[in-house]
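A closer look at the structure
Here are the chains, one letter per residue:
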Amino acid sequence: MRRKLAAGNWKMNGTRAALSEIAAMAEAAKGAAEVLICPPATLIAEAAGANTGVAIGGQDCHAEAKGAHTGDLSADMLKDAGASHVILGHSERREDHDEHDDHVRAKTRAAWEAGLVVVLCCGETLAEREAQNTLDIIGGQLAGSIPDGATGHNLVVAYEPIWAIGTGKVPTTDQIGEVHDFIRARLEKRFGEGVGRSVRLLYGGSVKPANATEIFAVSNVDGALVGGASLKAADFVPIIEALNASA
Ligand code: PEP
């Protein structure tokens, strides 16, 4: 049984005043689904120390354990601050920081070494979808970004079509299902049926309270990675509840 996961990516949003939003998610986090918030790194220690029952994660880590990398954070540092998860390979990192699959793969190894669960993002651009290259792109990202050694305990895969992130545009449920079934098949083929079936697959891209139930009913959707609608408990709690209801 894969435990459902509602994950929030706060990106570069939130100061300490926003910690009350995580506290306001605590009640909903007692349900069947696991709840994760990845706030800015400045908030990880305090958010984790509050012991709300909401898991806390980072949004990126460096592939090296330490050294001369000004401004970067190692996986160990995230873990030490109280993080249990880290998002890697988000399209904004791939675009803003020129991250490629080999970087994501090295970071994933480092995160696993530190004992973090990796939420690994993949997704196509609109041009790639229109050219009917979606599955090739996703297949390439999975092969290139995931190191050997994946398990259902150390890996979560988030399918995030880039054109759906922060745009209000959402793929049809058929389109989501096609990609999630494809990811499941690829994981089973590479890691074996047992492992492939145990890795949780999240959909991400403009998930809102209004569309969550429909998305959570799609085959092989085990939860969501949510950006904008995870910033406020008033938006995220109904999404968590929709996931709890689908569990
Ligand atoms: C994201 O950035 O991971 C994301 C899914 O954002 P949004 O929910 O705002 O589209």
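A brief look at the structure comes next.

What counts and how
- Residues numbered from 1 in each chain as written.
- Predicted model: local features only at pLDDT ≥ 70, side-chain atom pairs only at ≥ 80, totals over all residues.
- Heavy atoms only, no water.
- Helix = DSSP H or I, 4+ residues; strand = E, 2+ residues; numbered from the N terminus.
- Rg over C-alpha atoms; globule rule 2.2 N^0.38 Å.
- Buried < 20%, exposed > 50% of the residue type's maximum accessible area, 1.4 Å probe, protein only.
- Contact = heavy atoms within 4.5 Å.
- Areas by Shrake-Rupley, 256 points an atom, 1.4 Å probe, with all protein chains shown as cover.
- Lys, Arg positive; Asp, Glu negative; His and termini not counted.
- Charge placed at Lys NZ, Arg CZ, Asp CG, Glu CD.
- Polar contact = N/O pair within 3.5 Å; in protein donor to acceptor, adjacent residues only side chain to side chain.
- 1 Å grid on protein atoms, 1.4 Å probe; cavity = no way out; pocket = protein on both sides within 12 Å on 5 of 7 lines; lining within 4 Å.
- Points joined across faces, edges and corners; volume = space filled by probe spheres on them.
- Nonpolar A, V, L, I, M, F, W, Y, C, P; charged D, E, K, R; others polar.

When helices and strands are tallied, the protein chain shows eleven helices and eight strands. Scaling as 2.2 N^0.38, a compact globule of 247 residues should have a C-alpha radius of gyration of about 18 Å, and the protein chain matches this with 17 Å. In the protein chain, which comprises 247 residues, the share counted as buried stands at 53%. Long-range pairs, those at least 24 residues apart, make up 73% of the contacts in the protein chain with a sequence separation of at least 6. A total of about 10900 Å² of accessible surface is found on the protein chain, and carbon and sulfur atoms cover 51% of it. Taking the average location of the 23 positive side-chain charges in the protein chain and that of its 32 negative ones, the two points are 4 Å from each other.

Summarising the element assignment, Ala 114 is placed in the loop between helix H5 (101–113) and strand E5 (117–122). As a C-alpha pair, Ala 114 and Ser 198 span 84 residues in sequence and 21 Å in three-dimensional space.

Among the secondary structure elements, His 62 is positioned in the loop between strand E3 (55–58) and helix H3 (75–81). For His 62, a relative accessible area of 17% translates into the label buried. In terms of polar contacts, His 62 uses its side chain to reach the backbone amide nitrogen of Glu 64, at 2.8 Å. A polar side-chain atom of His 62 sits 3.3 Å from a polar atom in the side chain of His 69. Leaving out residues up to four positions away in the same chain, His 62 has contacts with His 69, Asp 72, Leu 73, Ser 74, Ala 75, Lys 107 and Ala 110.

To continue, consider the layout of surface pockets. What the largest pocket holds in volume is close to 580 Å³. Lining the largest pocket are 22 residues; nearest its centre among them are Lys 11, Met 12, Gln 59, Asp 60 and Arg 93. Looking at which element gives the most residues to the lining of the largest pocket, the answer is helix H4 (residues 91–96), with three residues. Of the residues that constitute the lining of the largest pocket, the class distribution is eight nonpolar, eight polar and six charged.

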